[in-house]
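Commentary on secondary and tertiary structure
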Amino acid sequence: MKRDSLVFNLIDQEENRQKRGIELIASENFTSKQVMEAAGSVLTNKYAEGLPGKRYYGGCEVVDEIEQIAIDRAKQLFGATWANVQPHSGAQANAAVFLACLKAGDPILGFDLAHGGHLTHGSPVNFSGKLYEPHFYGVEEETGTIDYDKVEEKALAVKPKMIICGASAYSRDWDYERLREIADEVGALLLADISHPSGLIARGLLNDPLDHCHIVTTTTHKTLRGPRGGLILMREDFDNPWGLTTPKGEIRKMSSLLDMGVFPGTQGGPLEHIIAAKAVAFEEALSDEYMHYVLQVKKNASVMADEFVSRGYQIISGGTDNHLMLIDLRNKNLTGKLAEETLGKVDITINKNMVPFDTKSPFVTSGMRVGTAAVTTRGLKEQDMIKIVDLIDRALQHHADEAELAKIKSEVNDWMVQFPLY
Ligand code: PLP
């Protein structure tokens, strides 16, 4: 077969883009070569519907072993007793949980997308908002943080069947214990979607949702630094609370309902090449090297937040406990769109983001979200965060000055060459 140079040239271009720029998108990271090797392996050829030891296809002896290793390592990493490593993505993991735990039309209570939540937590444009009855809690305008008494008030008013915590753009830790009290008070299940900070949680740098939440979902490609994918975890299995049955009328434990929520509920054949890559990433995340990495991610974010604040940028909630921060650009007379475009011109990648109580559209926004997971993998340390904020500040101040932007871009490119990637 002729090599597809059109596609491979574009992949080379993307590799160069990643190498020459400063990657600050909070949901991105750089996996190790061995994670990519597993993801690009012959395992992509294999069908394996079902679970290890219980497949609908022959020839699964090897993938059974691989998937079992991934499950065991996921459990070890998070102190869980049950894991499903098959979700193709974070959205798929959430879809499987919703399908397992809820009936169509059930009320759910999630963190508002406009305040930093995720589409899969009840947005009207997503399955979660179309098939269920979504309600939301948010942050306080003055503090930028969640007032748990208000979450309780809302839960008492709407009586959700499931409360969802976790976010895409919330820089503070979560009070899972308080949320569990609220969930118990209204008879709801508590789902924590820890997609963003899961690497920091796995290594004990943030509160542990598994201590209190019935079910936990995460992506595997953000701070966890694995391949793109999803994961569902439980510390303890439990009887399903509402007598939910399988189509055959059998009452099953939650673990079994969740497995069925993934397959056959929302997915077909698992991606065993990605599951192998997850297994490799989980082993990496158990290492001392990764522990140093997550500590540095947190330190870098904290230094970066302080530097932004000292230059007059307004960070929602005033700072960060994790790897990211959401910056309100209104006092700088900038929109998120302009910031994203300007920084793109100097090879600094961020994303525009709505801020709580934003009056601009999601295509324009008043804010930008930045995170330190990727630059920390690249080897950047605290003093480098100060330099990054300086580059960002200069670029934003000179957003209409193409000559100055070209100068900043070459500074960025010359600097990044010093941090080899792949
Ligand atoms: N949940 C949260 C909190 C997220 O931030 C994201 C992705 O950004 C997802 C779920 C969805 O993950 P994926 O893009 O893998 O479907």
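Residues numbered from 1 in each chain as written. Predicted model: local features only at pLDDT ≥ 70, side-chain atom pairs only at ≥ 80, totals over all residues.

1. Let's talk about the overall build of the chain
Within the chain, the secondary structure is distributed over 15 helices and 15 strands. For a compact globule of 422 residues, the expected C-alpha radius of gyration is about 22 Å, and the chain comes in at 22 Å, within 12% of that figure. The principal-axis extent of the C-alpha atoms belonging to the chain is close to 70 × 60 × 40 Å. Out of the 422 residues belonging to the chain, those deemed buried represent 49%. Of the contacts formed within the chain by residues at least 6 apart in sequence, a portion of 73% connects residues at least 24 apart. (Helix = DSSP H or I, 4+ residues; strand = E, 2+ residues; numbered from the N terminus. Rg over C-alpha atoms; globule rule 2.2 N^0.38 Å. Buried ≥ 20, exposed ≤ 12 C-beta atoms within 10 Å, placed from the backbone. Contact = placed C-beta atoms within 7 Å.)

2. A word on the environment of Gly-318
When you line up the elements, Gly-318 lands in the loop between strand E11 (314-315) and strand E12 (324-328). In this structure Gly-318 comes out as partly exposed when scored by C-beta crowding, with 14 C-beta atoms within 10 Å. Gly-318 sits 13 residues away from Ala-305 along the chain, and the two C-alpha atoms are 8.2 Å apart.

3. Quick look at the site of the ligand
Neighbouring the ligand are 14 residues, the closest being Ser-89, Gly-90, Ala-91, Ser-168 and Ser-195. Grouping the amino acids of the shell around the ligand by side-chain chemistry returns 2 nonpolar, 11 polar and 1 charged. (Near = placed C-beta within 6 Å. Nonpolar A, V, L, I, M, F, W, Y, C, P; charged D, E, K, R; others polar.)

4. Details of helix H14 (residues 382-397)
Residues that lie three or four places apart on an α-helix share one face, since the helix turns once every 3.6 residues. For H14, spanning 16 residues, the distance from its first C-alpha to its last is 23 Å, which sits close to the expected 22 Å at 1.5 Å a residue. Taken residue by residue, H14 has Asp-384, Met-385, Ile-388, Val-389, Ile-392 and Ala-395 as its buried positions. Buried residues in H14, looked at end-on, bunch into an arc of 145 degrees, giving them a common side. (Expected span 1.5 Å × (residues − 1). Arc of directions from axis to C-beta.)

5. Description of the sheet that holds strand E7 (residues 162-165)
Read across the open sheet, the 7 strands follow the order E4-E10-E9-E8-E7-E5-E6; overall the sheet is mixed. The sheet terminates laterally at strand E4 (82-84) and strand E6 (133-137), the two strands that pair on one side only. Sheet twist, expressed as the average angle between the axes of neighbouring strands with direction ignored, equals 20 degrees. As paired strands, strand E5 (residues 107-111) and E7 are joined by 2 bridges and run parallel to one another. Residue Ile-108 lies in a different strand from E7, and its bridge partner there is Met-162. (Pairing = 2+ DSSP bridges. Axes fitted to C-alpha atoms, helices over the stretch in contact; angles between N-to-C directions.)

6. Here we look at helix H15 (residues 402-416)
For H15, spanning 15 residues, the distance from its first C-alpha to its last is 21 Å, which sits close to the expected 21 Å at 1.5 Å a residue. Considered for burial, the residues of H15 that qualify are Ile-408, Val-412 and Met-416. Projected down its long axis, H15 carries its buried residues within an arc of 65 degrees, all on one side. The exposed residues of H15 that point more than 90 degrees off its buried face are Ala-403, Ala-406, Ser-410 and Asp-414.

7. Here we look at the UniProt feature "binding site: (6S)-5,6,7,8-tetrahydrofolate" (unreviewed entry) in the chain
Annotation from UniProt places "binding site: (6S)-5,6,7,8-tetrahydrofolate" (unreviewed entry) at Leu-113, Gly-117, His-118, Leu-119, Ser-361, Pro-362 and Phe-363. With respect to the helices and strands, His-118 occurs in the loop between E5 and helix H5 (127-130). In this structure, Leu-119 is in contact with Leu-113, Val-125 and Asn-126, ignoring residues within four places of it in sequence. (UniProt positions renumbered as here; feature names shortened; annotations may be inferred.)

8. Some points on unusual backbone geometry
For the bond running from Phe-263 to Pro-264, omega is 10 degrees, close enough to zero to count as cis. Tracing the backbone shows Pro-264 in helix H9 (residues 254-266). In this structure, Asn-333 takes a positive phi of about 55 degrees despite not being glycine. Checked against the element boundaries, Asn-333 lands in the loop between E12 and helix H12 (336-345). Here Asp-347, not a glycine, exhibits a phi torsion of approximately 65 degrees, which is positive. The exposure class assigned to Asp-347 is partly exposed, which follows from the 19 C-beta atoms found within 10 Å.

9. Focus: the pairing of E7
For a regular strand, side-chain orientation follows a simple rule: the groups alternate between the two sheet faces. Across the two faces of E7 the burial is the same, with Met-162 and Ile-164 and Ile-163 and Cys-165 all buried. Relative to strand E8 (residues 189-193), E7 runs parallel, the two being bridged by 4 bridges. Residue pairing across strands places Ile-163 opposite Leu-190, the latter belonging to E8. Note that the unit made of E7, helix H7 (residues 176-186) and E8 has a crossover that is right-handed. (Right-handed = clockwise from strand over helix to strand, strands pointing away.)

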